[in-house]
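# Structural features, examined
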Amino acid sequence: MSEVLVLVDHADGTVRKSTLELLTFARRIGTPVAVFVGDAAAGEAAAGSLGEHGAEKVLVASDAAFGEFLVAPTAELLAALVQERQPAAVLVTSGAADREVAARAAIKTGSGIITDAVDVAADGTATQQAFAASYTINGKVTQGTPFIAVKPNSTSPEAAAAAGAVEAVSFAPSDASKTARIVKVEEKPASGRPSLTEAPIVVSGGRGTGGDFAPVEALADALGAAVGASRAAVDAGWYPHSHQVGQTGKAVSPQLYVAAGISGAIQHRAGMQTSKNIVAVNKDDEAPIFELADFGVVGDLFQVLPQATDAVNARK
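Residues numbered from 1 in each chain as written. Predicted model: local features only at pLDDT ≥ 70, side-chain atom pairs only at ≥ 80, totals over all residues. Heavy atoms only, no water.

As named in an unreviewed UniProt entry, the protein is Electron transfer flavoprotein subunit alpha/FixB family protein, taken from Brevibacterium senegalense. Listed under Sequence similarities (unreviewed entry) in UniProt, the entry text for the protein is "Belongs to the ETF alpha-subunit/FixB family." If you open the UniProt record of the protein and go to Subunit (unreviewed entry), you find "Heterodimer of an alpha and a beta subunit." (UniProt positions renumbered as here; feature names shortened; annotations may be inferred.)

Let us now look at the overall build of the protein. A tally of regular secondary structure across the protein gives ten helices and 16 strands. Projected onto the principal axes, the alpha-carbon positions of the protein cover approximately 60 × 40 × 40 Å. For the protein, the residues scored as buried account for 50% of the 316 residues in total. Surface exposure of the protein reaches about 14,400 Å², of which carbon and sulfur atoms provide 49%. (Helix = DSSP H or I, 4+ residues; strand = E, 2+ residues; numbered from the N terminus. Buried < 20%, exposed > 50% of the residue type's maximum accessible area, 1.4 Å probe, protein only. Areas by Shrake-Rupley, 256 points an atom, 1.4 Å probe, with all protein chains shown as cover.)

What follows covers the sheet that holds strand β16 (residues 295-298). As summarised here, the arrangement of the five strands in space is β13-β12-β14-β15-β16, forming an open sheet in which the pairing is parallel. A single partner strand is all that each edge strand has here, and the edge strands are β13 (226-229) and β16. Within the sheet, the average angular offset between the axes of one strand and its neighbour, ignoring direction, is 15°. Running at roughly 175° to strand β12 (residues 201-205), helix α6 (residues 214-223) makes contact with β12, β13 and β14 (256-260) of the sheet. (Pairing = 2+ DSSP bridges. Axes fitted to C-alpha atoms, helices over the stretch in contact; angles between N-to-C directions. Contact = heavy atoms within 4.5 Å.)

The next point concerns α6. Turning to α6, its buried residues are Pro215, Val216, Leu219, Ala220 and Ala222. The arc that holds the buried residues of α6, viewed along the axis, is 160°, so those residues lie on one side. Residues of α6 that are buried sit in contact with β12, β13, β14 and α10 (301-314). Once α6 finishes, glycine 224 follows within two positions and takes phi at roughly 70°, a positive value. (Arc of directions from axis to C-beta.)

Core analysis: the largest hydrophobic core is formed by 28 residues, its most contacted members being Phe36, Leu50, Val58, Leu91, Ile148 and Val150. Mapped by element, the contributors of at least two residues to this core are β1 (3-7), α1 (17-29), β4 (31-37), α2 (40-52), β5 (57-61), β6 (89-93), β7 (113-120) and β10 (147-150). The leading source of residues in this core is α1, at six residues. The next biggest cluster of nonpolar side chains, apart from the first, holds 25 residues, and it includes Val35, Ala79, Val90 and Phe171. (Core = buried A, V, L, I, M, F, W, Y, C linked by side-chain atoms within 4.5 Å.)

Moving on: the packing of α6 against α10. Between α6 and α10, the least distance of the axes is 9 Å, while the angle of their chain directions is 20°. Looking at the two axes, α6 sits roughly parallel to α10. The handedness of the crossing between α6 and α10 comes out as left-handed. Of the residues in α10, those touching α6 at Pro215, Val216, Ala218, Leu219, Ala222 and Leu223 are Leu301, Phe302, Leu305, Ala308, Thr309, Val312 and Asn313. For the contact of α6 with α10, the residue count by class is eleven nonpolar, two polar and no charged. (Parallel < 35°, antiparallel > 145°, perpendicular 65-115°, else oblique. Left-handed = near helix turned anticlockwise from the far one by under 90°. Nonpolar A, V, L, I, M, F, W, Y, C, P; charged D, E, K, R; others polar.)

Our next topic: the packing of aromatic side chains. Summed over the entire model, instances satisfying the criterion amount to one aromatic pair. Ring geometry for phenylalanine 213 versus tyrosine 239: centroids 4.4 Å apart, planes at 20°, classification stacked. Separated by 26 residues along the polypeptide, phenylalanine 213 in the loop between β12 and α6 and tyrosine 239 in the loop between α7 (231-235) and β14 bring together distant segments of the chain. The class of tyrosine 239 is buried, set by a relative accessible area of 11%. (Phe/Tyr/Trp six-rings, centres within 6.5 Å; stacked < 30°, edge-to-face > 60°.)

Dropping the structure here:
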């Protein structure tokens, strides 16, 4: 079977769940080959997890330039691997950086790219949600090597033991790719909650919170969920923009999405409509969010959420 390159999304060698999902999709198309960009020792450490989820090989590129410059060196590496190995497809996580990498590499190789996919079939057909998720589109790249960026939580990672053999890649990015140097990196204080775009459960608050996100955060912590916010809540200064879900915020696709005090305007729906199960809590029984919800509670979130939190904690 032809190889399918999977760009590894990791934090200091710890492979993110979104990459394991990509390996699951990759096995439908061909033989998964993971591409790890970073420290060689970290790549060796990550090989175990990658192999357990189907990666036959783990290509490790550890040139210092990958950590010193933004996206362009990684895109150049990916383009070189495509030209050398002629894979059936290239899969990346649909995050800001990896989408940029895939787009640059696609241009370099004269290939097509599909972003924000929520499913990938064996023949390389990708499923997307378009126009604020009002339409489902099945598309296929018709030129070059298909590059597909897949949203996190689009599938559940499936174990499939493979060799996971580590192969060092000798690749030095060209000077042309070293145009945007990283001069400073600041880490945000850890909240103890999962990443918004990768969390399997998201609890979001909107205008109905009145700025008090305590019930939203309490339920999120009980569920082990991430906290999101509507644009109205963010614009009011009640919650950081980094937590905004919507067309001008982040797009999420969790297994469970709880919308508390959110009316369900089209801007917000664009960022969460692909969630597998949606629960809405709103005092207004005519709120648009109920048209989208799988389960709805008409009530005051300050009464409903604490009861839900107590019920979840009682089951632990």
